[in-house]
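Structure assessment
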Amino acid sequence: PFKGDKIWNPYASMDSTNWHKANFHMYTRMAGGLTDGRSNTGGAIVKTYTALGYGVFSISDYMRINTTLSMKPFYIPAYEHGYGVKKNHQVCIGAKSVSFLDYPFGQTLQHKQHIINVLKKHNEIVAIAHPEFRKGYSPEDFKYLRNYDLLEALNHYRFSLKQWDAALSSGYPAYILASDDAHDVNKPGEVARCITFINSPSVKSTDILSNLKAGNAYGVSVGKFEGQTVDSTIRDIHKLPTVSSIIVKNDSLFVSVTSDALVFRFIGQNGKLKGKVLNKSKASIAISKNEPYIRTEILFRGTHGADSVTIYLNPVYRFTGIAPVKPAGPLVNVASTLVYRLIGFGMLFSLVISIFVFRRKIFKRF
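Cut-off values and rules
Residues numbered from 1 in each chain as written. Predicted model: local features only at pLDDT ≥ 70, side-chain atom pairs only at ≥ 80, totals over all residues. Heavy atoms only, no water. Salt bridge = Lys/Arg side-chain N within 4 Å of Asp/Glu carboxyl O. Buried < 20%, exposed > 50% of the residue type's maximum accessible area, 1.4 Å probe, protein only. Helix = DSSP H or I, 4+ residues; strand = E, 2+ residues; numbered from the N terminus. Lys, Arg positive; Asp, Glu negative; His and termini not counted. Pairing = 2+ DSSP bridges. Axes fitted to C-alpha atoms, helices over the stretch in contact; angles between N-to-C directions. Core = buried A, V, L, I, M, F, W, Y, C linked by side-chain atoms within 4.5 Å. Contact = heavy atoms within 4.5 Å. Disulfide = S-S within 2.5 Å. Patch = residues over 30% accessible without salt bridge, like charges linked within 9 Å, V, L, I, M, F, W, Y side chains within 5 Å. Areas by Shrake-Rupley, 256 points an atom, 1.4 Å probe, with all protein chains shown as cover. Charge placed at Lys NZ, Arg CZ, Asp CG, Glu CD. Polar contact = N/O pair within 3.5 Å; in protein donor to acceptor, adjacent residues only side chain to side chain. Phe/Tyr/Trp six-rings, centres within 6.5 Å; stacked < 30°, edge-to-face > 60°. Lys NZ or Arg CZ within 6 Å of the ring centre and 35° of its normal.

1. A short note on the pattern of salt bridges
One side chain can pair with another of opposite charge once the charged atoms of both are near each other. Counted under the stated rule, the structure contains 15 salt bridges. In this structure, Lys135 engages Glu132 in a salt bridge whose closest nitrogen and oxygen atoms are separated by 2.2 Å. The exposure class of Lys135 is exposed, given its relative accessible area of 55%. Close ionic contact of Asp165 with Arg295 constitutes a salt bridge, the shortest N to O distance being 2.8 Å. Here the residue Asp165 occupies a position in helix α3 (residues 161-169), and Arg295 occupies one in strand β14 (residues 293-301), the gap between them amounting to 130 residues. An identical accessibility class is assigned to Asp165 and Arg295; each is buried.

2. Some thoughts on the side chain of Glu80
By secondary structure assignment, the location of Glu80 is in strand β4 (residues 78-81). This buried residue, Glu80, is left without a salt bridge; Lys87 holds the nearest opposite charge, at 6.3 Å.

3. Details of the sheet that holds strand β5 (residues 90-95)
Pairing in this open sheet of 5 strands is mixed, and the strands run β4-β5-β6-β7-β8 from one edge to the other. The sheet is open, and its two edges are formed by β4 and β8 (175-179), each paired on a single side. With strand direction ignored, the average angle separating the axes of adjacent strands in the sheet is 35°. As defined by bridge partners, β5 adjoins strand β6 (residues 123-128) across 5 bridges and the pair is classed as antiparallel. The partner of Ala95 across the bridge, within β6, is Asn123.

4. Examining the pairing of strand β15 (residues 308-313)
Residues in a regular strand point their side chains to alternate faces of the sheet. Of all 6 residues in β15, 6 are buried; the element is thus mostly enclosed. Side-chain alternation along β15 places Ser308, Thr310 and Tyr312 on one buried face and Val309, Ile311 and Leu313 on a second face that is also buried. Note: β14 against β15, 5 bridges, orientation antiparallel. Looking across to β15, one finds that Glu297 is bridged to Tyr312.

5. A short note on the nonpolar core
Counting 92 residues, the largest nonpolar core has Phe24, Tyr49, Ile93 and Tyr148 as the members making the most contacts within it. With 6 residues, strand β12 (residues 252-267) is the largest single contributor of residues to this core. Those residues in contact with Tyr148, other than ones at most four positions away along the chain, are Ile116, Val126, Ile128, Phe142, Ala167, Tyr172, Ala174 and Lys326.

6. Topic: the state of the cysteines
Applying the stated criterion across every chain yields a total of 0 disulfides. Left unpaired, Cys92 is separated from the closest cysteine sulfur, that of Cys194, by 20 Å.

7. Some details on a nonpolar patch on the surface
A surface patch of nonpolar side chains, about 510 Å² in accessible area, is lined by Phe345, Leu348, Leu351, Val352 and Ile355. Its location among the elements puts Leu348 in helix α6 (residues 334-365). Residue Leu348 is classed as partly exposed on the basis of its relative accessible area, which comes to 48%.

8. Quick notes on a positive patch on the surface
Residues Arg360, Lys361, Lys364 and Arg365 make up a contiguous surface patch of positive charge. Within the secondary structure, Arg365 sits in helix α6. Take Arg365: its relative accessible area is 69%, and that puts it in the exposed class.

9. Points about the side chain of Asn88
With respect to the helices and strands, Asn88 occurs in the loop between β4 and β5. Given the relative accessible area of 3%, Asn88 is considered buried. At 2.6 Å, the side chain of Asn88 forms a polar contact with the backbone oxygen of Gly136. Beyond its immediate chain neighbours, meaning those up to four positions away, Asn88 contacts His81, Gly82, Gln107, Lys112, Gly136 and Tyr137.

10. What to know about the environment of Ile65
Summarising the element assignment, Ile65 is placed in the loop between β3 (56-57) and β4. C-alpha separation for the pair Ile65 and Ala95, spaced 30 residues apart in sequence, amounts to 7.6 Å. The contact partners of Ile65, leaving out residues within four places of it in the chain, are Tyr75, Pro77, Ala78, Tyr79, Ala95, Lys96, Ser97 and Val98.

11. Points about the packing of aromatic side chains
Within the structure shown, the criterion is met by 12 aromatic pairs. Note on Tyr49 and Tyr54: the rings are 4.8 Å apart at their centroids and 80° apart in plane angle, and the pair reads as edge-to-face. A relative accessible area of 0% means that Tyr49 is categorised as buried. Note on Tyr54: relative accessible area 6%, which makes it buried. An angle of 40° between the planes, with centres 5.8 Å apart, marks the rings of Tyr137 and Phe142 as tilted. Residue class for Phe142 comes out buried when judged on its relative accessible area of 0%. An aromatic cluster is built from Tyr49, Tyr54, Phe57 and Phe74, whose rings are joined through pairwise contacts. Sitting over the ring of Tyr137, Lys112 keeps its end group 5.1 Å from the ring centre.

Next comes the structure, spelled out in structure tokens:
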């Protein structure tokens, strides 16, 4: 777990006037409409997300970097990696190239780490996509996985809060990503449902990437709007409450938002509730010396046209030294890997020989 006599606050440089709505996970039609996303076009995405007031958005086609937005000042190349049956996927942000390596028929913990390591070489940010979807990543996995940057705890198909708390409880500073994962922007239930708010002085790709990676961002889940249409979502999404301040002082966390919340929930080690404050726009909690981290959930009920709105802040956590040091990834056991592969190729070779011998015996009979 995190430990130390200091508390790291990823929002220390936050400016409450510099929040930008972002989405890095959605698709366009590709492969002749074979993949889900066949109803989306680049033009429709630009029109809808611009009207929704997003400062930053990227198209993350499957295994392809889409350049539709390349002339936009906020353009960040991205794609969704993975084509396995268990949905062991990753959102690659700031992608330099596409890696086609994957283990499509099921992955061990070692396979998952290997994929992360490979992707990290070719992308500014590697985010674990929808871990809960088809149980692609279990909470147990996140006790050990390293070398990734973000965890998509909020996805409109699945929430993965247990996985997020498992990573944080293991002492790994996994920051949040919230995504629509939109396959059809003409459906009101698929847009502006899970939003990443990034605090950045501009929407230039370098500023956005550095602040997202540093945790100067938060996630929002938006419940369905009454009588929801895309047009009503566009109208009401601009009214969402935002974060005013996140301050750590004398081992206490102070949080304020722009309107009264139904409840502030403070979550600590192993996802346990450590405190709550009702019906306020400000809340605070004293962080005990033995508490490794605190993350905050802020619930607004029945406001701004939506049936619910919840803000999920990145954690503040304990550290030693001048600044936190991210835990190193596990070392590759070269000898065991070599033996593993030799056994695998040996079994494959034996199978091929067996089939060949069997076929010869059959032919001899006739």
